[in-house]
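This is what each chain is made of:
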Amino acid sequence: MKKALILLLAIISFSASSQVAPPAPYGPVPSASQLAWHEMAFYMFAHLTVNTFTDKEWGYGDEKESVFIPARLDCRQWARVAKEAGMKGIIITAKHHDGFCLWPSKYTEHSVKNSVWKNGKGDVIRELRQACDEYGLKLGIYLSPWDRNSPVYGTPEYLVYYRNQLKELLTEYGDIFEVWFDGANGGDGYYGGKREVRKIDNKTFYDWTNTHKIVRELQPSAVIFSDAGPDVRWVGNESGLGSLTNWCLLKRDDMYPGGDFASILGEGHEDGKYWVPAEVDVSIRPGWFYHPSQDSLVRTPQNLMDLYYSSIGRNSNLILNVPPDRDGLIHNNDIKSLKAFRDLLTKEFERELARGKKVDVSVCRGKGFEGSNVNDGNPETYWTANDSEKSGDIIIDLGGETEVNRILIQEYIKLGQRVQKFGVDAFINGQWKHLIDGTTIGYKIIRKFPLEKATKIKVSIGKSKACPCISSIELFRAPGV
Ligand code: FUL
């Protein structure tokens, strides 16, 4: 009995010693909340306020509460539409620049409580919370820093008001996954009847550090979005375009919301000191708010598919705005387009070809880090090389001539974003044909290439800051060529 135990211990210690240690993390790495955020990938933006009824994009702040009458408002319908489109959450404009609050805030009269909707007893945020819970979606909030209604906007008193509202939203509506601080700030407005221009200094006025502390304290698992993070950054445009070179890293210390940074937000900073990945925000219609005149201008399913590739396919998350109409419902045209898009998406990625196929690698760190980790379907395993190796090839043998036209690659980002240059080649009729040149990978990229009949696909990591760590390679035969 004792001998058997000693033998067992010897076997265990032998196999433990033959395991190779993983690489140390390189540079900034994502927090647990950021990792959860990366996995969400796709969620809905819902823009709703008095503008929905006044046909504006930016309300002046003098709109009467009585204009807000979303008579058939049904957040469960929004949640159903989001769920069916494959989205994982909804972020709502709790307050837009006009200052009207979709919840009955204690700190202002300019809210749903003074509208005729539900006799002033309604609360859009609460209804959305319940709907999200019912459909297994996460909830996020947008609280505009600029408030064209508030008499105290531009004074220190406004910060007290703004933070009180933030506290209400972060304490009374359950778990919030993302807090969205937009960068549009200051200008003309109603301001309690003064009807004047109020300019603020974007860099100093909001004292963001202390506002962020409130979020950290009240919702420790939420990520904070703004032009400059701290957790998630704007992509620098509102047309749905992620950057092909896209570092999840940012030198955010020198940046602030509303600053002039749009041109660098797409790529981020290769040598950034913080993990601040990009989010692509874009609307399914030309405007952020619902306008009847735009009913015929809803993006087509194919256009939504293109957006998917130019955002999620480029190491970004996609927040797609689907604005409720004057009934408080998502319009049928938007629903139709989203449904057809979802069908396209399912067909696009229905036929995965790499899983379980034989994988050869040019270099390998050793046991536990083999090439076969890239196509085992497990995001926690990855291929990597010795610390001194900054490049390497991964060859997937498709086991015979196979039609292929899409590739998905993921780095194991828990150890940082490393890859600076990669390529993809296909083995066709006994020769390698070059298909794709790329720079960064990050959490995930998906690239298209013209249909090929290949027997092998090679991913070459040409340059990496430290030994490359690749957790996933998937190959697809999408419909069409
Ligand atoms: C911007 C705002 O000015 C737009 O109205 C919209 O809400 C967009 C998502 O953010 O900063």
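Values in this document were obtained by computation on a predicted structure and should not be read as measured data.

Participant: Would you mind showing me how to read the site of the ligand here?
Facilitator: The full set of residues close to the ligand is Phe45, His47, Trp58, His96, His97, Tyr142, Trp180, Asp182, Ala184, Glu238, Asp281 and Trp288. Interatomic distance of 3.1 Å between a side-chain N/O atom of Trp58 and an oxygen atom of the ligand. Tyr142 is positioned such that a nitrogen or oxygen atom in its side chain is 2.8 Å from an oxygen atom of the ligand. Relative to its free-state accessible area of 290 Å², the ligand is covered by the protein chains to the extent of 92%. Its residues assigned to classes, the shell around the ligand shows six nonpolar, three polar and three charged.

Participant: Help me understand the domain arrangement of the chain in this model?
Facilitator: Accessible area lost on assembly of the parts is the figure often given for the size of an interface. Here the chain is partitioned into domain 1 (32–348) and domain 2 (358–476). The C-alpha-based centres of domain 1 and domain 2 are spaced at 36 Å. Taken together, the contact pairs 19 residues of domain 1 with 20 residues of domain 2. For domain 1, the biggest contributors to the area lost against domain 2 are Trp247, Trp275 and Tyr309; these three give 30% of the whole. Put simply, domain 1 and domain 2 have one salt bridge between them. Between Glu348 and Arg406 there is a salt bridge; the shortest N-O distance is 2.8 Å. Here domain 1 and domain 2 share 12 residue pairs in polar contact (both at pLDDT 80 or more) between them. Taken together, the residues of the side of domain 1 that touches domain 2 break down into nine nonpolar, five polar and five charged.

Participant: What should I look at first to understand helix α10 (residues 332–348) in this one?
Facilitator: An α-helical turn contains 3.6 residues, so a residue and the one three or four places further along point in the same direction. Its 17 residues give α10 an end-to-end C-alpha distance of 24 Å, which sits within 8% of 24 Å, the value for a rise of 1.5 Å per residue. Of the surrounding elements, those touching the buried residues of α10 are β1 (42–46), α4 (75–84), α9 (301–311), β12 (317–321), β15 (392–411) and β19 (469–476).

Participant: Explain the pattern of salt bridges here, please?
Facilitator: Note that side chains of opposite charge can pair when their charged atoms are close. Counted under the stated rule, the structure contains 23 salt bridges. Across the salt bridge formed by Arg477 and Glu403, the nearest N and O atoms sit 2.9 Å from each other. Note that Arg477 is positioned in the segment after β19 and Glu403 in strand β15, a separation of 74 residues in sequence. Assessed through its relative accessible area of 14%, Arg477 is described here as buried. Between Lys433 and Glu452 there is a salt bridge, with its nearest N and O atoms 2.7 Å apart. Residue Lys433 is located in strand β17 (residues 431–438), and its partner Glu452 is located in strand β18 (residues 445–464); the two are separated by 19 residues in the primary sequence. For Lys433, a relative accessible area of 40% translates into the label partly exposed. Through salt bridges with shared partners, one network takes in Arg285, Asp295 and Asp334.

Thresholds applied
- Residues numbered from 1 in each chain as written.
- Predicted model: local features only at pLDDT ≥ 70, side-chain atom pairs only at ≥ 80, totals over all residues.
- Heavy atoms only, no water.
- Near = heavy atom within 4 Å.
- Polar contact = N/O pair within 3.5 Å; in protein donor to acceptor, adjacent residues only side chain to side chain.
- Areas by Shrake-Rupley, 256 points an atom, 1.4 Å probe, with all protein chains shown as cover.
- Nonpolar A, V, L, I, M, F, W, Y, C, P; charged D, E, K, R; others polar.
- Domains from an automatic or database assignment.
- Contact = heavy atoms within 4.5 Å.
- Buried area = accessible area lost by both parts, 1.4 Å probe.
- Salt bridge = Lys/Arg side-chain N within 4 Å of Asp/Glu carboxyl O.
- Helix = DSSP H or I, 4+ residues; strand = E, 2+ residues; numbered from the N terminus.
- Expected span 1.5 Å × (residues − 1).
- Buried < 20%, exposed > 50% of the residue type's maximum accessible area, 1.4 Å probe, protein only.

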